[in-house]
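Understanding the architecture of this molecule
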Amino acid sequence: MKIENPKGTRDFTPTVMRDREYVEKTMSNVLEGFNFEKISTPIFEYSELFELKSGEDIKNRMYTFDDKGGRKLCLRPELTASVARMFSNELRNLPKPLRLFYFGPMFRYEEPQKGRYREFYQLGVELLGVSGVFSDALAIYAACECLKRLGLDFELQINSLGVVRGLLEELGVDDKVSGKLITLLDEGKRDGVKEVLDDEIFGRLIKISGGKKSLGEAEKVLKGFDKALAALSELRDLAILLDSAAIAYTIDFGIVRGLDYYTGTVFEIRVSGLGAQNQICGGGRYDNLIEVFGGPKTPAVGFAFGFDRVCEALILQSKLKPPEKKVVVVASVSGKSNGYALKVAGELVRNLSESKFIVDLDVSGRKLKKTLEQASNTGLGWVVIVGEKEEKEEKITLRDMEKNSQKTVTIAEVVKLLTSF
Ligand code: AMP
């Protein structure tokens, strides 16, 4: 009987995993370079964690279940709420700002399509305990640097929910209607906005997008709306910082985030050619979330990469190229030297850099001739041959498959020789 994997989930073969590991490691290296530290939280949580503030859209898509003790649990649909919980319970007394990042699967009950899965991976960053656009700029810079390190071409869009929410507040629009508008905008349905709120100023604002001159356009539209204008001035400061750091961006006043907790700067990163699901990263400032979880008032900014989409974008742009590793086969001449072969393989693994070499101990029991034949057919550089003679001398025979020559050397010598290539 053949059993399929559940709809919206995927198996990752070794080849795919090699690519994904490379992407994850490259991004993690960048983040660690910026002093972000990795954390991990449970895959399942109490449902109420996400019911508190994650927004209607996410709540409706949650995988919820009761456990045997009758507890209301769910598979995590995102991780910012978990990080806020962890911070409030365990990290609140650490010196701030705290720089955290995470990687792992999230679960949302969605209609699967290209770039949209029910089990998908996010690599996310949270910078806690610091307010202001300087830290927003760091978050945005770190996100862009991760993608640049991978060689990906992308487009960054920035906005301030402070501008959008500030205007709605000053127009006297109630929270429920504001929420509806934000959801519509997040779904990219700008045309549907008029049916919910027929307001000329709001309609004009969300249509403004472009370079820095859009700040001036927005300023004109928002004349007299002081709250929105104050947020606009912060957005201008952010734009100046990004300019100085040579980060290219578009300002788009229709960019909002669906999650309920965002308060200020928001940003999205897209890759053209990916189809409908072209948003590979989303994030922003959330200054009130930690309080919801009983923590002290703690400003914060964060983002999450849709990791699967980043990988798909890299494939699309032919940029997914993990460095090749060199394979060293260790072959035992006869059963009598298998134990020594195992010891040699272990020493090689210990001493050769794992990022560059793979040690493949041939455990098939086939004749040495066959192993050498296969090594030469698959274009391998070296085979380490061990027999009783080598064991007695505590040496190995290194065969250069290209030159068809071999010499007997110590393990230290072979390590030196291989790493010099
Ligand atoms: P969000 O947590 O909704 O802000 O999403 C952050 C990022 O996760 C998005 O920009 C997408 O790239 C990615 N993402 C969200 N939902 C899915 C999904 N169902 N499948 C794949 N990627 C997703």
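Because the structure is predicted, anything quoted here is derived from the model rather than measured.

On to the overall build of the protein, then. Counting its secondary structure elements, the protein contains 17 helices and 17 strands. Here the C-alpha radius of gyration of the protein, 27 Å, is well above what a compact globule of 421 residues would show, namely 22 Å. Along the first, second and third principal axes, the C-alpha set of the protein runs to 90 × 55 × 45 Å. Across the 421 residues of the protein, 49% fall into the buried class. For the protein, the proportion of contacts with a sequence separation of at least 24, taken over those separated by at least 6, is 67%. Carbon and sulfur atoms make up 51% of the accessible area of the protein, which totals about 21300 Å². A gap of 5 Å separates the mean positions of the 62 positive and 62 negative side-chain charges of the protein.

If you walk across this open sheet you meet the nine strands as β1-β5-β6-β12-β11-β10-β7-β9-β8, and the pairing is mixed. Lying at the two open borders of the sheet, with one neighbouring strand each, are β1 (37-38) and β8 (209-210). In this sheet, strand β12 (residues 300-306) lies alongside strand β6 (residues 119-128) in antiparallel orientation, the contact comprising seven bridges. Its bridge partner being in β12, L128 is matched across the sheet by A300. Contacts between helix α13 (residues 307-316) and the sheet are confined to β5 (98-107), β6, β11 (279-285) and β12, with β12 contributing the most and set at about 50 degrees to the helix.

Okay, the pattern of salt bridges next. All told, the structure shown has 25 salt bridges when counted by the stated rule. Two residues, K2 and E4, come together in a salt bridge whose shortest N-O distance is 3.1 Å. In this structure, R118 engages E111 in a salt bridge whose closest nitrogen and oxygen atoms are separated by 3.7 Å. It is possible to trace a salt-bridge network through shared partners that takes in K7, E111 and R118.

In this section: the environment of I3. Mapped onto the elements, I3 comes out in the segment before α1 (14-33). What makes I3 exposed here is its relative accessible area of 67%. Here the alpha-carbon distance between I3 and I140, two residues 137 residues apart in the chain, equals 43 Å.

Vacant regions in the atomic arrangement are exposed by a probe of water-molecule size rolled over the atoms. Taken as a whole, the largest pocket holds about 1000 Å³ of empty space. Around the largest pocket sit 47 residues that line it, and R108, R116, R257, Q279 and R309 are the ones nearest its centre. Secondary-structure elements contributing two or more residues to the lining of the largest pocket are α3 (56-60), β6, α7 (175-186), β10 (265-270), β11, β12 and α13. Residue contributions to the lining of the largest pocket peak at five residues, all from β12. Per-class residue counts for the lining of the largest pocket are 19 nonpolar, 13 polar and 15 charged. One number sums up the size of the second largest pocket: a volume of about 600 Å³. Together, 23 residues line the second largest pocket, and R165, D175, S178, G179 and D260 are the ones closest to its centre. Secondary structure elements with two or more residues in the lining of the second largest pocket: α3, α6 (161-170) and α7. It is α7 that provides the largest number of residues to the lining of the second largest pocket, a total of six residues.

Moving on to the packing of helix α5 (residues 133-149) against helix α11 (residues 226-244). When two helices pack together, their arrangement is given by the angle between the helix axes and by the axis-to-axis distance. Contact geometry for α5 and α11: axes closest at 9 Å, N-to-C directions at 45 degrees. Here α5 is positioned oblique relative to α11, judged by the angle of their axes. Of the two elements, α5 crosses α11, and the hand of that crossing is right-handed. When α5 is examined against α11, the residues V133, F134, D136, A137 and I140 are found in contact with a partner set consisting of E234, D237, L238, L241 and L242. Tallied by class, the residues present in the contact of α5 with α11 amount to seven nonpolar, no polar and three charged.

The next point concerns the site of the ligand. Lining the immediate environment of the ligand, one finds 15 residues, of which R108, E110, Y117, R257 and Q279 sit closest. Residue Q122 places a side-chain N or O atom 3.1 Å away from an oxygen atom belonging to the ligand. A distance of 3.5 Å separates an oxygen atom of the ligand from a polar side-chain atom of R309. According to the grid-proximity analysis, the pocket containing the ligand is the largest pocket.

Bringing α13 into the picture now. In terms of residue burial, α13 counts as a mostly covered element, since eight of its ten residues are buried. Every buried residue belonging to α13 is among F307, D308, R309, V310, C311, E312, A313 and L314, and all of these are buried. If you follow the buried residues of α13, they end up packed against α1, β5, β6, α5, β11 and β12. Looking one or two residues past α13, S318 carries a phi angle of roughly 50 degrees, positive in sign.

It is worth spelling out the packing of aromatic side chains at this point. Under the definition given, this model contains ten aromatic pairs. Judged by centre distance (6.5 Å) and plane angle (65 degrees), the rings of F44 and F65 are edge-to-face. Here F65 lies in strand β3 (residues 64-66) and F44 lies in strand β2 (residues 44-46), a separation of 21 residues in the sequence. Residue classification places F44 among the partly exposed positions, given a relative accessible area of 47%. Counting every residue linked through ring pairs, the aromatic cluster contains F12, F103, Y121 and F307. One cation-aromatic arrangement involves R20 over F12; the distance from NZ or CZ to the ring centre is 3.9 Å.

Calculation notes
Residues numbered from 1 in each chain as written. Predicted model: local features only at pLDDT ≥ 70, side-chain atom pairs only at ≥ 80, totals over all residues. Heavy atoms only, no water. Helix = DSSP H or I, 4+ residues; strand = E, 2+ residues; numbered from the N terminus. Rg over C-alpha atoms; globule rule 2.2 N^0.38 Å. Buried < 20%, exposed > 50% of the residue type's maximum accessible area, 1.4 Å probe, protein only. Contact = heavy atoms within 4.5 Å. Areas by Shrake-Rupley, 256 points an atom, 1.4 Å probe, with all protein chains shown as cover. Lys, Arg positive; Asp, Glu negative; His and termini not counted. Charge placed at Lys NZ, Arg CZ, Asp CG, Glu CD. Pairing = 2+ DSSP bridges. Axes fitted to C-alpha atoms, helices over the stretch in contact; angles between N-to-C directions. Salt bridge = Lys/Arg side-chain N within 4 Å of Asp/Glu carboxyl O. 1 Å grid on protein atoms, 1.4 Å probe; cavity = no way out; pocket = protein on both sides within 12 Å on 5 of 7 lines; lining within 4 Å. Points joined across faces, edges and corners; volume = space filled by probe spheres on them. Nonpolar A, V, L, I, M, F, W, Y, C, P; charged D, E, K, R; others polar. Parallel < 35°, antiparallel > 145°, perpendicular 65-115°, else oblique. Left-handed = near helix turned anticlockwise from the far one by under 90°. Near = heavy atom within 4 Å. Polar contact = N/O pair within 3.5 Å; in protein donor to acceptor, adjacent residues only side chain to side chain. Sits in = over half its atoms within 2 Å of the grid points. Phe/Tyr/Trp six-rings, centres within 6.5 Å; stacked < 30°, edge-to-face > 60°. Lys NZ or Arg CZ within 6 Å of the ring centre and 35° of its normal.

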